[in-house]
Each structure stands twice: as C-alpha cells, then as structure tokens.
Amino acid sequence: MDYLISGITSITWQEFFMYVIGALLIYLAICKDFEPALLLPMGFGAILVNLPASGVLDQTLEGIGKTNGIIEWLFHVGIEASEALPILLFIGIGAMIDFGPLLSNPKMFLFGAAAQFGIFFAICVATLLGFSLNDAASIGIIGAADGPTSILVSQILKSKYIGAIAVAAYSYMALVPIIQPAAIKLVTTKKERMIRMPYNPKSISKTTRILFPIIVTFIAGLVAPQSVSLVGFLMFGNLLRECNVLKSLSETAQNELANLITLLLGITISFSMRAEAFVNISTLLIMCIGLIAFIFDTIGGVLFAKLLNLFSKQKINPMIGAAGISAFPMSARVVQKMSLKEDPTNHLLMHAIGANVSGQIGSVVAGGIVLKLVSDLIH
Amino acid sequence: MLDRFLISLEIMGKGMLGIFIILIIIMLIVMLLSKITKEK
C-alpha cells in the first residue's frame, strides 16, 4: 500500500502553502473577477507543479530515466529560450488598442512617460532591501503595470523571482481600482479633482494612423534597441488593425491568438511557482515593492500633471496623470469614476483613455530602457 | 549595497530622461504628421 500513500506523505509544508496560494488565485479569479484569464491558469498551475513528483515537471524515474514534463517544457521553449509567449501576446494587445484618443490629443504622451516613475522608484527600494541589480530591475518592472513586459524583462535579466514578479504584476493590475483612488487622493485636493477639461478631438487621418506604429517602432528601436521586441510586436499588431486590408488577421490577433497565448502563458509561468523557488521572504518583499511601484506610478503621473499646470493656461485635471500607467482600461475608468464622484457632469474618460494608451507605449519603452541600462551597468 | 543604490539612482535618472525623450519625439512627429496629412 505504500505506493498509494507515498505522494500524500511526501507533501512538504511549503508545497501545502502553494496549494493555498493556488486556491487563493483561483478564488480571486472566479469570485472577485481579478484578471481571471491569467490568475486562474496560474493558480491551477501552482497546484500542478507542487504535487510531489509532479508529471508536469521533468522527473527521473528509477529504472526508466528522465521523463519530460509539459509545463517545464513549455517554460523552457516558450519563455526561457525565446520569450516567445509574452512577445507574441503583444501582437494581440497591439491589435486591440485604438490609439485614436491619443493621436487626437498628443499632449497625453507626456503622462505615459511620467507615470513610469514607480518602476525606477521601486528599483531603488529593491536595491536598498538588498536585491541584486538585475533582480531589483526585474522587480521594479512590476510598476510597468504590464504583465507580459514584467515577464519578459525578468526573464531576459535572468531573475530567479519571475514567478513572484508575474503574480505581483497581474494581482496589482487587477487591484488598480483599489490602489489608484487612494494614491490619487493622497496627492490631490478636491478642487483639483474637479478641474474640467473640454474635449475637442481633432480628426485623425488614415495616413497618420498607419504611419504611427511604423514611426514609433523606428524611434523606439533606434533610441532603445532592447525595446524592439516589445514595441515592434505591439506596433505590428496595431498596424494589422489600422491598415484595413487584413481584417481577418487583425481579428485573429485580437481574439484567437491573444486568448491562446494568455491561456498558455498563465499555466507556463506557474513553473516558476514551485515551492522551493516561491516560498521565501523575498516573495513577500516583492509583493510589497510591487505595491510601492504602482503607488508611485500614480503619484508620478499626478505630480507631473500638477507641474504642467504651473505653466499652462488650460489646466489639466491631475487625475489624468494617474491614467498614464499601462493598466488599460482599468486606470482610465478609475479616473472617470473619480471625476464623476466629485462632479457628476465632469467627463474625463476620453482624456484618460488617451493617457492610458500612452502608458501602453511608455511601459514597453521603459522595459527596453531598463534592459539596456541594466545590461550596460552590470557589464 | 550603497554602490547598488547609487547605480539604481543613475538608472532612475537616465531611464526617466530616456522615456521622456522618446515619447516627446513621438509626440512631435504625431503633431507634425497630423498637420501634414490633415484631411480637407
């Protein structure tokens, strides 16, 4: 009978803890609707990879030799060897984004830059807490509020905390409606939150819409070459959408491709949630630093808007700055909801969406710049 | 640790500057493009 109970008796407390984490992620995904497309596969994967002698991981069986496990293989092929899964997901994301509100109000580009401040603040905090530079940079990228970018950067920088980073990135993205209002209120007054911004969109020509992804790729590629895989695939997806001659490809990228990659990405990332790699004090620290990153992203964007107000006649509602993070469309919705709460006739949604899609570009550019700076400085 | 912290401050300065430069260049080009390609 020993062979039947050997699995049960060999469960360690760390593995048991991971079952609880897995169950918690599944609960948050199903009952709280927190990024279910990612948290559910990750939660289930966390259970799969932590079963004793799990068949989804490579094992060495007595008398047979090495056997391959599907999740370990997916991780090596889809993430470790080529970063293919997060990069391919960017094609789908690019095809989903309408940059129209940003192109008709280009000033919003500035907020996409300012709201990346949390990344760099978090990197500083992580180094102070004793993390190595590549781990600190990977942890800081949680502040990009962009799951695939976090996974890609931490994988390229060979961080051993990729599992915790992915969990933090996706969890906090889901918690944007809770984190951002508190951070915004911390640095704004009621009067500032009530500032009105008339929306007078300029018409955008088809030529501009088509040239935009090509130009962004060129500029980002020439200035920060490490960002090409991120920006390039994001913009390739957007070009599919805007060219109007590849409708079926654009729809496939937005739906089937994005869904398939999301499905595989979540369960593949769970490979890095093995108990021996996940259950330690560093994971707790990473969750805390990730939260700091999101808060300082928001504060950075808001304070930058306040700075612009010192020099411009037409005042900007500082909450727009907070929408400069990449979490789309949650962040824009938060700003709209808060503005309506202060003044039910003050609609900021379109401005906020402009800043929010700018954050999508800002976050991938930030990822590329962090990769370049860290690799140069480590060298 | 202090060395690492100083490097991270350097990354912060250079990183934020880099992001702003790239996005401002893109913003200016978009503004120019919108003017040039304005539909009449």
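Residues numbered from 1 in each chain as written. Chains lettered and ligands numbered in written order. Predicted model: local features only at pLDDT ≥ 70, side-chain atom pairs only at ≥ 80, totals over all residues.

1. Re the overall build of chain B
Within chain B one finds one helix and zero strands. Dimensions along the principal axes, computed over C-alpha positions, put chain B at roughly 60 × 5 × 5 Å. Burial statistics for chain B: of 40 residues in total, 25% are counted as buried. (Helix = DSSP H or I, 4+ residues; strand = E, 2+ residues; numbered from the N terminus. Buried ≥ 20, exposed ≤ 12 C-beta atoms within 10 Å, placed from the backbone.)

2. Let's talk about the overall build of chain A
Summing up its helical and strand segments, chain A has 21 helices and two strands in all. The C-alpha radius of gyration of chain A comes to 22 Å, within 12% of the 21 Å expected for a compact globule of 379 residues. With respect to the principal axes defined by its C-alpha atoms, chain A has extents near 80 × 45 × 45 Å. Every one of the 379 residues in chain A was classed for burial, and the buried ones make up 56%. Expressed as a percentage of contacts within chain A between residues at least 6 apart in sequence, the contacts between residues at least 24 apart total 73%. (Rg over C-alpha atoms; globule rule 2.2 N^0.38 Å. Contact = placed C-beta atoms within 7 Å.)

3. Some details on the confidence of the model for chain A
Here chain A averages 89 in pLDDT, while 100% of its residues score no lower than 70. The least confident element of chain A is helix 1 (residues 2–9) of chain A, whose mean pLDDT is 77; the most confident is helix 8 (residues 117–128) of chain A, at 95. (pLDDT = per-residue confidence, 0-100.)

4. Details of the environment of Leu186(A)
Within the secondary structure, Leu186(A) sits in helix 12 (residues 176–187). Expressed as a C-alpha distance, the spacing of Leu186(A) and Ile299(A), which sit 113 residues apart in the sequence, is 8.4 Å.

5. Observations concerning the interface of chain B and chain A
Frequently, the measure chosen for interface size is the accessible area that the parts lose on association. Facing 28 residues of chain B, the contacting portion of chain A comprises 39 residues. Among the residues forming the side of chain B that touches chain A, the class breakdown is 19 nonpolar, five polar and four charged. (Nonpolar A, V, L, I, M, F, W, Y, C, P; charged D, E, K, R; others polar.)

6. Considering the UniProt feature "transmembrane region" (unreviewed entry) in chain B
If you check UniProt for "transmembrane region" (unreviewed entry), the listed places come out as residues 15–34 of chain B in our numbering. Helix makes up 100% of residues 15–34 of chain B and strand makes up 0%, while its end C-alpha atoms are separated by 28 Å. (UniProt positions renumbered as here; feature names shortened; annotations may be inferred.)

7. What about the environment of Ser375(A)?
Tracing the backbone shows Ser375(A) in helix 21 (residues 349–378). Along the backbone, Ser375(A) and Leu133(A) are 242 residues apart, and their C-alpha atoms lie at a distance of 9.7 Å.

8. Points about unusual backbone geometry
Residues and elements named next belong to chain A. With a phi close to 55°, Ala 145 is a non-glycine residue in the positive phi region. When you line up the elements, Ala 145 lands in the loop between helix 9 (133–140) and helix 10 (147–156). A tally of 33 C-beta atoms within 10 Å means that Ala 145 is categorised as buried. In this structure, Asn 244 is a non-glycine residue whose phi angle is positive, near 65°. When you line up the elements, Asn 244 lands in the loop between helix 15 (228–242) and helix 16 (247–269). For Asn 244, a count of 11 C-beta atoms within 10 Å translates into the label exposed.

9. Description of the packing of helix 9 of chain A against helix 21 of chain A
Residues and elements named next belong to chain A. Running from N to C, helix 9 and helix 21 cross one another at 170°; their axes reach a closest spacing of 10 Å. Taken together, helix 9 and helix 21 sit at an angle that is classed as roughly antiparallel. Mapping the contact onto sequence places Leu 133, Asn 134 and Ala 137 in helix 9 and Val 370, Val 374, Leu 377 and Ile 378 in helix 21. Grouping the constituent residues of the contact of helix 9 with helix 21 by class yields six nonpolar, one polar and no charged. (Axes fitted to C-alpha atoms, helices over the stretch in contact; angles between N-to-C directions. Parallel < 35°, antiparallel > 145°, perpendicular 65-115°, else oblique.)

10. Quick notes on helix 8 of chain A
Along its twelve residues, helix 8 of chain A runs 17 Å from first to last C-alpha, staying within 8% of the 16 Å computed at 1.5 Å per residue. Along helix 8 of chain A, eleven of the twelve residues are buried, which leaves the element largely enclosed by surrounding structure. The complete set of buried residues in helix 8 of chain A reads Phe117(A), Gly118(A), Ile119(A), Phe120(A), Phe121(A), Ala122(A), Ile123(A), Cys124(A), Val125(A), Ala126(A) and Thr127(A). For helix 8 of chain A, the elements touching its buried residues are helix 7 (109–114), helix 9, helix 18 (281–311) and helix 21 of chain A together with helix 1 (2–36) of chain B. (Expected span 1.5 Å × (residues − 1).)

11. Notes on the packing of helix 2 (residues 13–31) of chain A against helix 3 (residues 36–49) of chain A
All names here are of chain A. Where helix 2 contacts helix 3, the axes come no closer than 8 Å and their chain directions differ by 160°. Considered as vectors, helix 2 and helix 3 are oriented roughly antiparallel to each other. Judged by the sense of rotation from one axis to the other, the crossing of helix 2 with helix 3 is left-handed. Note on element contacts: helix 3 touches helix 2 through Pro 36, Leu 39, Leu 40, Met 42, Gly 43, Phe 44, Ala 46 and Ile 47, opposite Met 18, Tyr 19, Ile 21, Gly 22, Ala 23, Leu 25, Ile 26, Leu 28, Ala 29 and Ile 30. Residue composition of the contact of helix 2 with helix 3, grouped by class: 16 nonpolar, two polar and no charged. (Left-handed = near helix turned anticlockwise from the far one by under 90°.)

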